[in-house]
Each structure stands twice: as structure tokens, then as C-alpha cells.
Amino acid sequence: MKDYLNVTGTIFDLKKYAIHDGPGIRSTVFFKGCPLACWWCHNPEARNPEPEPVDSERVRIRKYVMDPSREGTIGYEVEVGYILEEIEKDRVFYDQSGGGVTISGGEPLMQLDFLAALLEGCRDWGIRTAVDTSGYAPREAFELIIDNVDLFLYDIKLIDTAAHTEYTGMSNELILENCVWLVQQGSNLVPRIPLIPGVTDTKDNLSGIASFLSGLEGVDEVSLLPYNTIAEDKFERYQISNRLGRLERQSIEQLQEAGKLFEEIGCSVRYGG
Ligand code: SF4
């Protein structure tokens, strides 16, 4: 038996038929745990690396694909073999659409052994992989997985270090260094920029990110992620304080203005995942 099959980790969801988490039709596995604490976090239930019980009277958790009996708990431990069997069921969709599996979170690199084992399994089983990462992980972590990742969906939130620290709890220096290194290694990397009104969608920030990316040969596509209110709804549901308050999604014109900044440096722009 392959060693990776029995490696365990903690996930909080497995989404089927995902169409915003990379090319084609995908299965997205959401790892639990994140070192950042973004004010706008759209998956606040992901931050704690441990499974956590919730008050099922107060919080209605969607039924999990793999084990509906776990309703009422956020996060559960699974083996890599179990995930591979689940995602294998949709192979026909991946093959027809150019899709595969996306590993997201939380921050997948926080559970490095689990991530490396799952990626090895996907490579063995011929399933294309994408890793959706904040970039906040030691270089050695990326070195361990890089050969088994077909695509990095790489979040770049704020280019100013002080602002990044304020709004995410961590500096962006490591994130930007890892981004440069991955591109230098020839990784297929698509930067993803969450557009948070008044925070990350300002002209200063987007111009700064465009300027940073213009120095990276091989980055020719950018995803701009328009603001959505999922986070606000979750903050209410999980009774987490919402430090940004209620915000408005960007208009088409605002999105086009933002997109122009990246088209000017030769990138094609995708709006959404
Ligand atoms: S990196 Fe993603 S999962 Fe982590 S706190 Fe920020 S938005 Fe949430």
C-alpha cells in the first residue's frame, strides 16, 4: 500500500463541481487552520486548526459531503486515501473540462505532511492539482510540494507591509518573497487579489501590486475577486465581530478600472476565481 494513503489531516469541507477555484470543473478540499487573520476572512471557520464543536441550534452547518453525521462540528480528521476515493468519483468531469482538485483552506501549507501526501496521491492517480495559498509559509514548505503542484492560486492582498500587517495580522514580506521564488522556479502561478472595498481595491494598492507583478516574468494572468458578502453572513452566523462593517460590492465600472491596471502590464484579467 502507498504510504500516503494513511496520512491524516483536518479538513472542514469538500466541495464538488467547483467552477471558481481554478480551471475547469474541480473538487475543492478545504484544509483547516490559517496563520493569518484577515479582517474580511470569507472562511472564518477555517482559522482554528482543530475541529471545533458548534451549537447546532444556533449555527446551521451544511451537511458534509463525506460524512453527514458530522453536522454540528466544524472540521474533521480524514485520511488521504478517503479524499482520493471521493475526488476520483468525478474524474470524468475533470478530464472533460480540464479541471482537477484544488486544495484550499484556511492555509493548506499549515498541514504540510498532509498536503504533501495528498498531492503525491493526486500525482500518482493522474489528477491535476491546484493549491490556493496565502503564500505565508516557510520556503522549505514550498520546496517540498512544488513538483506535485500544477497551479498555484496565490493570494496577494496588500502591497504595503504596514497595511498588510494591520489587516491580516502578518507581514507580507515572506509572501512576496515566496511569490518571486515560485515564479523563478517556473511554477504556473496565478495571483488572486481579493477586492475589499476601501482596503485592497484602492488605486494605490492595485497599482503597487501591478508594479510588483510586472517584474515577474511568466505571470500573465491575474484573478480579481470582487467583494461578496459571504464573509459578512458568516461573521453573523458565527458571532464574530465584523471590523469592516457592511460593504458594497464593486460596480462593473470599478472592476474594469481595476482590471486595466493589470492589462497595462500585459496580464489577462479574470474576474472571479
Ligand atoms: S488567508 Fe484566507 S483563510 Fe486565512 S484569514 Fe485570510 S481570508 Fe481567511
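The coordinates are above.
In what follows, the accompanying structure is described. (Residues numbered from 1 in each chain as written. Predicted model: local features only at pLDDT ≥ 70, side-chain atom pairs only at ≥ 80, totals over all residues. Heavy atoms only, no water.)

### A few points about the site of the ligand
Test applied: Proximity criterion: a residue is near a molecule or strand once any of its heavy atoms comes within 4 Å of it. Residues are called lining when one of their atoms sits within 4 Å of a cavity or pocket point, these points coming from a 1 Å grid over the protein atoms alone, where a cavity is a set in which a 1.4 Å probe fits but cannot get out and a pocket is an open set with protein on both sides within 12 Å along at least five of seven lines. In this description, a molecule resides in a pocket or cavity if more than half of its atoms sit within 2 Å of the grid points defining it.
Residues in contact with the ligand, as listed here, are Cys-34, Leu-36, Ala-37, Cys-38, Cys-41, His-42, Arg-47, Gly-106 and Lys-157. Judged by its atoms lying within 2 Å of the grid points, the ligand is housed in the largest pocket.

### Re the packing of helix H1 (residues 80-88) against helix H3 (residues 112-125)
We apply this condition: Axes here refer to lines fitted to C-alpha atoms; in helices the fit is confined to the stretch in contact. Angles between the N-to-C directions go from 0 to 180 degrees. Counting from the N terminus, the helices are DSSP H or I runs at least four residues long and the strands are E runs at least two residues long. Convention used here: angles under 35 degrees read as roughly parallel, angles over 145 as roughly antiparallel, angles from 65 to 115 as roughly perpendicular, and any remaining angle as oblique. Crossings are assigned a handedness: left-handed for a near helix turned anticlockwise from the far helix by less than a right angle, right-handed for a clockwise turn. Residue contacts are counted whenever heavy atoms from the two residues lie within 4.5 Å of one another.
Running from N to C, H1 and H3 point in directions that differ by 40°, and their axes come no closer than 10 Å. The angle between H1 and H3 falls in the class oblique. Here H1 and H3 pass one another in a crossing that is right-handed. Residue-level contacts link Val-80, Ile-83, Leu-84, Glu-85, Ile-87 and Glu-88 of H1 to Phe-114, Ala-117, Leu-118, Gly-121, Cys-122 and Trp-125 of H3.

### Section: the pattern of salt bridges
Note the cut-off: Throughout this description, the term salt bridge denotes a Lys or Arg side-chain nitrogen within 4 Å of a carboxyl oxygen of Asp or Glu. Burial classes follow relative accessibility: with a 1.4 Å probe on protein chains only, a residue under 20% of its type's maximum area counts as buried, one over 50% as exposed, and anything between as partly exposed.
Here the structure, examined in full by the defined rule, presents 14 salt bridges. For the salt bridge of Arg-192 with Asp-132, the shortest nitrogen-to-oxygen distance reads 3.5 Å. Placement of Arg-192 in strand S9 (residues 189-194) and of Asp-132 in strand S7 (residues 129-133) is noted, with a sequence separation of 60 residues between them. Of the two residues examined, Arg-192 and Asp-132, each falls in the buried class. Via salt bridges that share partners, Lys-16, Glu-86, Lys-89 and Asp-90 belong to a single interconnected network.

### Quick notes on the pairing of strand S8 (residues 151-155)
Our working definition: One requirement defines pairing of two strands: DSSP has to find at least two bridges between them.
Among the 5 residues of S8, 5 are classified as buried, and the element is accordingly described as predominantly covered. Both faces of S8 are covered, namely the face carrying Leu-151, Leu-153 and Asp-155 and the face carrying Phe-152 and Tyr-154. Examined bridge by bridge, S7 and S8 share 4 bridges and lie parallel to one another. From the neighbouring strand, Asp-132 faces S8, where its bridge partner is Leu-153.

### Re a nonpolar patch on the surface
The cut-off we apply is this: Only residues whose relative accessible area exceeds 30% and that take part in no salt bridge are eligible for patches, with like-charged residues grouped when within 9 Å of each other and nonpolar side chains (Val, Leu, Ile, Met, Phe, Trp, Tyr) grouped when within 5 Å. Using the Shrake-Rupley algorithm and a 1.4 Å probe, accessible areas are obtained, with residue cover drawn only from the displayed protein chains.
On the surface, a cluster of nonpolar side chains totalling about 280 Å² of accessible area is made up of Tyr-17, Val-92 and Phe-93. With respect to the helices, strands and loops of the structure, Val-92 is situated in helix H2 (residues 91-97). The partly exposed category is assigned to Val-92, whose relative accessible area is 44%.

### Here's the deal with the side chain of Glu-45
Along the chain, the position of Glu-45 falls in the loop between strand S2 (26-31) and strand S3 (52-53). Not counting residues up to four positions away in its chain, the partners in contact with Glu-45 are Phe-12, Lys-32, Glu-52, Ile-74, Lys-234 and Tyr-238.

### Side note on empty space enclosed by the protein
Which parts of space are left empty comes out when a probe the size of a water molecule is rolled across the atoms. Basically, it comes down to this: Grid points are joined across faces, edges and corners, and a volume is the space filled by probe spheres set on the points. When residues are grouped by polarity, Ala, Val, Leu, Ile, Met, Phe, Trp, Tyr, Cys and Pro land in nonpolar, Asp, Glu, Lys and Arg in charged, and all others, Gly among them, in polar.
Tallied over the entire structure, the rule returns 1 cavity of 30 Å³ or more. By volume, the largest cavity amounts to about 30 Å³. Taken together, Trp-39, Trp-40, Tyr-227, Ala-231, Glu-232, Phe-235, Asn-242, Leu-244 and Gly-245 form the lining of the largest cavity. The class makeup of the residues in the lining of the largest cavity is 6 nonpolar, 2 polar and 1 charged.

### Quick word on helix H9 (residues 252-263)
What counts here: Every helix has an expected span of 1.5 Å times one less than the residues it contains. Directions drawn from the helix axis to the C-beta atoms are what define this arc.
When the terminal C-alpha atoms of H9 are compared, their 16 Å separation across 12 residues agrees well with the 16 Å that a helix rising 1.5 Å per residue should span. Along H9, the residues classified as buried are Leu-255, Ala-258, Gly-259, Leu-261 and Phe-262. In a view along the axis of H9, the buried residues occupy a sector of 150°, so they form one face of it. Looking at the buried side of H9, the elements it contacts are S9, helix H7 (203-214), strand S10 (221-225) and strand S11 (268-271).

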